[in-house]
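Structure assessment
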Amino acid sequence: MALTTTQAAIQRWHEMLQTGDMSILNELLAEDVVFRSPVAYNPYPGKQVVFFILTNVIQIFENFTYHREFYTEDGLNVVLEFSAHVGEKKLKGIDMIQFNEQGQIIDFEVMLRPKSGLEALAAQMGQRMAAFMPKA
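Given the structure is predicted, the values throughout are model-derived calculations rather than measurements.

A closer look at the pairing of strand β3 (residues 62-71)
With seven bridges connecting them, β3 and strand β4 (residues 77-86) associate as antiparallel partners. Within β4, the position partnered with E62 by the bridge is H85. With antiparallel pairing between neighbouring strands as the criterion, β3 and β4 make up a hairpin whose turn holds five residues, including G75 at a positive phi of roughly 80°.

If you want it as structure tokens, here you go:
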């Protein structure tokens, strides 16, 4: 049951990326979702901030392509391998996505390489996050 629910959610994820319809992200994210950035030590909790991060990363990445998908036995976790460009820098990475039983994302962790691609992404996301996050 969980596997088919997760697979349906991943299909919606791919549909969102193909069509650019970011409203799909609202249905895919659980309210208590947590984003684990390849750049920041502390995770980002909450649907609003995760929505902001993912929609901005999608805008920054160029030539974004998924290559492979891996599902865990329980069907609640998926690893998606991808490649993209940030300006002149190439990068490869994986999205490690955990779903709840309702097919909503509850944990989204990104790993990226090489360092030059990660730094290019970090620079662009840093500017956007500074504008988004409330000043302490």
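After that view, the rundown keeps rolling.
Looking at unusual backbone geometry
As a rule of thumb, non-glycine residues mostly have phi less than zero, and peptide bonds are mostly trans rather than cis. Between R113 and the following residue, P114, the backbone shows a cis peptide bond with an omega angle of -10°. Along the chain, P114 falls in the loop between β6 (105-113) and α4 (115-132). Of note, N63 is a non-glycine position whose phi angle comes to about 50°, a positive value.

Looking at the sheet that holds β3
If you trace the six strands from one edge of the open sheet to the other, you get β2-β1-β6-β5-β4-β3, paired in mixed fashion. Only two strands of the sheet have a single partner each, and these edge strands are β2 (44-45) and β3. Summarising the sheet, strand β1 (residues 29-36) and β2 pair through two bridges and their orientation is antiparallel. Residue pairing across strands places F35 opposite Y44, the latter belonging to β2. Across the sheet, helix α1 (residues 2-19) touches β3, β4, β5 (89-99) and β6, and the angle it forms with β3 is around 175°.

The rules behind these values
- Residues numbered from 1 in each chain as written.
- Predicted model: local features only at pLDDT ≥ 70, side-chain atom pairs only at ≥ 80, totals over all residues.
- Heavy atoms only, no water.
- Pairing = 2+ DSSP bridges.
- Helix = DSSP H or I, 4+ residues; strand = E, 2+ residues; numbered from the N terminus.
- Contact = heavy atoms within 4.5 Å.
- Axes fitted to C-alpha atoms, helices over the stretch in contact; angles between N-to-C directions.

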